[in-house]
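# Examining the three-dimensional arrangement
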Amino acid sequence: MRTRTILARLQQAYPEATCALHHSSALELLVATILSAQSTDARVNMVTPALFARYRTAAAYAAADPTVLEQEIHSTGFFRNKTKSIIGMAQALVERHGGEVPDTMEALVELPGVGRKTANVVLGTWFGKNEGIVVDTHVQRLSTLLGLTRETTPEKIERDLMALVPRERWTWFSHTLIAHGRQVCIARRPKCEICVVNRWCPSSRV
């Protein structure tokens, strides 16, 4: 019952919650999501316009010069690993999927540098398929604060949330918690006094 109320209140506050990464194709979203690891969406959105203009296909990324790509994505952090992931992912798309991004969890997680979280972002946001819930740092922190899970690993947190949230709202729910975590439930200074779910939150300070 408490979860239903929390969902209803969040639905009123964030009816149109969506992915903050700018993209116009499944490939762009996949690249942006890989870049967003240990970085901010705002930072990624600063880097991707030039990147997307230069690399328009999986084949273009697959043939990229790693030292050049490293420089282009340098500011997102962990640029060597991310370069390896993007080029490897693109080569796998060309070799196995005709250069197209697949729309199944099984095929996506077999791509280099793509884990379940990244696959969930692409499936839910681009393909409209609710295969799971994206558990990033905001979702992990807020679902714990709200008392929706006691688990500490993303896989187990995701399982708890999938059991609580109706399947058709999984993608919306993760986008909503991310938005709420950025705007209201800020880690260092949560604005509990303006939070729409403060009455139902065990961690609320008001």
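Quick caveat, the model's predicted, so the values are computed rather than measured.

What counts as what
Residues numbered from 1 in each chain as written. Predicted model: local features only at pLDDT ≥ 70, side-chain atom pairs only at ≥ 80, totals over all residues. Heavy atoms only, no water. 1 Å grid on protein atoms, 1.4 Å probe; cavity = no way out; pocket = protein on both sides within 12 Å on 5 of 7 lines; lining within 4 Å. Points joined across faces, edges and corners; volume = space filled by probe spheres on them. Helix = DSSP H or I, 4+ residues; strand = E, 2+ residues; numbered from the N terminus. Nonpolar A, V, L, I, M, F, W, Y, C, P; charged D, E, K, R; others polar. Contact = heavy atoms within 4.5 Å. Expected span 1.5 Å × (residues − 1). Bend = angle between axes of the 7 residues up to and from the residue. Buried < 20%, exposed > 50% of the residue type's maximum accessible area, 1.4 Å probe, protein only. Polar contact = N/O pair within 3.5 Å; in protein donor to acceptor, adjacent residues only side chain to side chain.

### Quick word on empty space enclosed by the protein
Considering all chains together, one arrives at one cavity of 30 Å³ or more under this definition. In this model, the largest cavity occupies a volume close to 30 Å³. Around the largest cavity sit Asn120, Val121, Gly124, Thr125, Val134, Thr171, Ser174 and His175, which together line it. Here the lining of the largest cavity gets four residues from one element, more than from any other, and that element is helix H8 (residues 116-125). Residue classes in the lining of the largest cavity are distributed as two nonpolar, six polar and no charged.

### Topic: the side chain of asparagine 120
Following the sequence through the fold, asparagine 120 ends up in helix H8. Once you skip the residues sitting within four places of it in the chain, asparagine 120 turns out to touch Met105, Thr125, Glu131, Gly132, Ile133, Val134 and Glu158.

### Topic: helix H3 (residues 41-54)
The terminal C-alpha atoms of H3, which comprises 14 residues, lie 20 Å apart, in line with the 20 Å expected from a rise of 1.5 Å per residue. Of all the bends in H3, the greatest, near 40°, is centred on threonine 48, and the proline proline 49 appears no more than four residues after it. Residues of H3 that are buried include every one of Asp41, Val44, Asn45, Val47, Thr48, Leu51 and Phe52, and no others. Lining the buried residues of H3 we find helix H2 (26-35), helix H4 (58-62), helix H5 (66-73) and helix H11 (170-183).

### Regarding unusual backbone geometry
One non-glycine residue with positive phi stands out, namely glutamine 38, at about 55°. Relative to the helices and strands, glutamine 38 is located in the loop between H2 and H3. Positive phi values are uncommon outside glycine, yet phenylalanine 78 reaches one of about 50°. By the element assignment, phenylalanine 78 lies in the loop between H5 and helix H6 (79-97).

### Some points on the environment of lysine 82
One can find lysine 82 in helix H6. With 48 residues separating them in the primary sequence, lysine 82 and isoleucine 34 have C-alpha atoms 6.8 Å apart. Residue contacts for lysine 82: discarding those within four places in its chain leaves Ile34, Leu35, Ala37, Ser39, Ile73, Thr76 and Gly77. Engagement of the side chain of lysine 82 in a polar contact is seen with the backbone oxygen of alanine 37, the distance being 2.8 Å.

### Some details on H11
A rise of 1.5 Å per residue sets the reference length of H11, with its 14 residues, at 20 Å; its end C-alpha atoms lie 20 Å apart and thus fit the reference within 8%. H11 sits mainly inside the fold: twelve of its 14 residues count as buried. What H11 keeps buried is the set Trp170, Thr171, Trp172, Phe173, Ser174, His175, Thr176, Leu177, Ile178, Ala179, His180 and Gly181. The secondary structure elements touched by the buried residues of H11 are helix H1 (2-13), H8, helix H9 (137-145) and helix H10 (154-164).

By themselves, these figures tell us nothing about what the structure is for.
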